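Report on the structure
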Amino acid sequence: MNRWYTLRTETLIGLGGVVLAWQIASYFFPPYLFPPVPAIAQKFLAIFVDPESLANSGATAARIFAGLTVSFLLGVVLAFLMGRSERSYRYVYPLLNFVQGIPALSWVVIAIIWFKGTEPRILFIMVATTVAAFSFQILDAYRSMSKDLFEMTLSFRPSRRDLIRTLILPTVVPGMLTAWKVNLGNAARVVVVAELVGATGGIGYQLLLQQQLFDMAGALAWTLVLVVFVLIVQQVIARIESWLLAYRPTAERSA
Amino acid sequence: MSGQDANPAAAAIDFRDVVKRFLRQDRREESFLAVDRLSFEVAPGEMVAVLGRTGCGKSTMFNLLAGLIEPTEGAVRVLGHDPFREFDWFRAKMAVVFQNDRLMPWRTAIENVELGLELLGKGEKERRAIALGWLERLGLKGHEDDYPHALSGGMRQRVSLARAFAVNPEILLCDEPFSALDELTGQRLREEYTQLVRENGKTSIFVTHSINEALQLGERILVFHRPARIALEARVAGGDRDTIRRRVLAAMEVREAVAEQTDR
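What counts, and at which threshold
Residues numbered from 1 in each chain as written. Chains lettered and ligands numbered in written order. Predicted model: local features only at pLDDT ≥ 70, side-chain atom pairs only at ≥ 80, totals over all residues. pLDDT = per-residue confidence, 0-100. Contact = placed C-beta atoms within 7 Å. Helix = DSSP H or I, 4+ residues; strand = E, 2+ residues; numbered from the N terminus. Expected span 1.5 Å × (residues − 1). Bend = angle between axes of the 7 residues up to and from the residue. Buried ≥ 20, exposed ≤ 12 C-beta atoms within 10 Å, placed from the backbone. Pairing = 2+ DSSP bridges. Core = buried A, V, L, I, M, F, W, Y, C linked by C-beta atoms within 7 Å. Domains from an automatic or database assignment. Axes fitted to C-alpha atoms, helices over the stretch in contact; angles between N-to-C directions.

Right, let's get into the confidence of the model for chain B. Residue and element names in this part refer to chain B. The predicted model of chain B averages 85 in pLDDT, with 90% of residues at 70 or higher. Confidence over residues 1-8 falls short of pLDDT 50; this stretch has eleven contacts with residues more than four positions distant or in other chains. Here the complex is predicted with pTM 0.78, and the ipTM for its interfaces comes to 0.83.

Our focus in this paragraph is helix H4 (residues 86-100) of chain A. Residue and element names in this part refer to chain A. In a regular helix each residue adds 1.5 Å, so 15 residues correspond to 21 Å; H4 covers 21 Å between its end C-alpha atoms and thus fits that length. Maximal helix bending in H4 amounts to about 25°, located at Val92; proline Pro94 follows within four positions. Where burial is concerned, little of H4 is hidden: one out of the 15 residues are buried.

The next thing to look at is the pairing of strand E1 (residues 13-23) of chain B. All names here are of chain B. Bridging between E1 and strand E2 (residues 31-42) involves eight bridges; their strand directions are antiparallel. Paired with Lys20 across the two strands is Val35, which belongs to E2. Relative to strand E4 (residues 73-78), E1 runs antiparallel, the two sharing five bridges. Looking across to E4, one finds that Arg16 is bridged to Ala75.

Moving on, we come to the confidence of the model for chain A. For chain A, the mean per-residue pLDDT works out to 89, and 95% of the residues sit at or above 70. Within chain A, the lowest mean pLDDT, 83, falls on helix H1 (residues 3-28) of chain A, and the highest, 93, falls on H4(A).

Right, let's get into the interface of chain B and chain A. Tallying the contact residues gives 18 residues for chain B and 14 residues for chain A. If one sorts the elements of the side of chain B that touches chain A by residue count, helix H2 (residues 109-119) of chain B sits on top with three residues.

Next up on the list: the nonpolar core. Val50(B), Leu65(B) and Leu173(B) are the most contacted members of the largest nonpolar core, which has 71 residues in total. Per-element accounting of this core gives the leading share, six residues, to helix H4 (residues 153-166) of chain B. In this structure, this core is formed jointly by two domains, domain 1 (1-93 + 171-264) and domain 2 (103-168) of chain B, each of which donates at least three residues. With near-sequence residues (within four places) excluded, Val50(B) lies in contact with Lys58(B), Met61(B), Ile205(B), Phe206(B), Val207(B), Leu222(B) and Phe224(B). The next biggest cluster of nonpolar side chains, apart from the first, holds 45 residues, and it includes Ile125(A), Val192(A), Ala199(A) and Tyr205(A).

Residue Pro227(B) follows Arg226(B) across a cis peptide bond; omega there is -10°. The residue Pro227(B) is located in the loop between strand E8 (220-225) and strand E9 (229-235) in this model. In this model, Phe214(A) sits at a positive phi of 60°, which is unusual for a non-glycine residue. Following the sequence through the fold, Phe214(A) ends up in the loop between helix H9 (203-213) and helix H10 (216-244). Classification of Phe214(A) by C-beta neighbours within 10 Å gives exposed; the count is 9. Positive phi is not limited to glycine here, since Asn168(B) has a value of about 55°. Looking at where Asn168(B) falls in the secondary structure, it is placed in the loop between H4 and strand E6 (171-175). Owing to 15 C-beta atoms within 10 Å, Asn168(B) belongs among the partly exposed residues under this scheme.

Residue and element names in this part refer to chain B. Across the sheet, six strands lie side by side as E5-E6-E7-E3-E8-E9; this open sheet has mixed pairing. Two strands bound the open sheet, and with one partner strand each, they are strand E5 (94-97) and E9. Averaged over all neighbouring strand pairs, the angle between strand axes comes to 20°, with direction disregarded. Where E6 lies against strand E7 (residues 203-208), five bridges are found, and the strand directions are parallel. Each bridged residue has a counterpart across the sheet, and for Leu172 the counterpart in E7 is Ser204.

Here it is in structure tokens:
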């Protein structure tokens, strides 16, 4: 039995077990606590046929992408600044460490006080909560660059641009992809919190509506939309990763 | 050719009273001497082997020559220029073959050979043709699209040789490139290297800790003692190899004993 098949079977058994347990619970508890699985599925599927619901999902996805893109670009700049200059590292690293220690909810409060519109607030929260992780992960990848390869490339006297293109970028790409995978999950959690307090649309806002309507099936359906979105994007990143890192040897026996 | 009587203007490589001190990382105020008033010259087209025991400063001399580090005192001139201060001037004039192959794992064999040409700004067609020619010449036809992990140690080192020769440098610097290979592969590569250097009229500095390798790859042998300084200079061409071997061995042993006593 190959590894992929085993993994898929186990995943299905695990998820199927939870669904089954939920359905059994729905027979013993009222629907506002444990709604039946078909009711959740119906609400979940309804989201994909209703244009307004799709627009809400799209708004959340767009906020996640926008926040992560800005955060990633900022993270790249900060990581390279820290990687290339010891003095910059001494200034920036403790600052990012401090920023990373601030809870997402504190950023939400700060954003509400500082910014007027919904979108700037959410963008600010997204960037503030993910920029440190991006910077640290890209810095780690940059610092793990092989000294041997660096000297070898340098022996051909490349321009700075060529050095970045031929050596530094290929070295940090795996770290960047890992950073995207990790931060995607974080961003999905944070965006919902941000939308809960300030937005008039998006999955977080929809969750707030379901809470006010006391609709557990709706809340779960919207939660599932977010989870499915994250899983799909992670799969896309994994595909890009396996395409970009196809050169890596694979061991026949796993550790 | 001795350090005193050669004409510096004609020398491809000229080390003049070079000193290199490194600060100890843990004790900033202390330094250790890696190269001690090192002087030697290499004529254009000459093949010189630099021999010495581990830790004698061969690699430091190598990095000075490659322009990767700056001398503390003295002057290093290669083709009349300073390899550290005029770093960019040496583009395509000097190529390095390192102890390990240093191939980029994300590039195929041919892409690795193309690296130097790519950095020189050569067009895709031209660099592919040059790289293919060198891979074929070094017996790697059919392995162009293999990634380094799919190649044996000998094949990888051949790719790194091809990468160095592909830019058509005037000077080749080799830092024990065949030391990690088995005897047969190493011997074959040494023969190929000698042939390529002679055919193409390159100046070659070959750093090694093996007397046999030095005898095979050097028209002249420079024996280093610790810290790097010339302990013996022996001309191989026309000389009796056993006599040279005995002299080299004696120089290495005597100098090592002196170095060990000094250390104590």
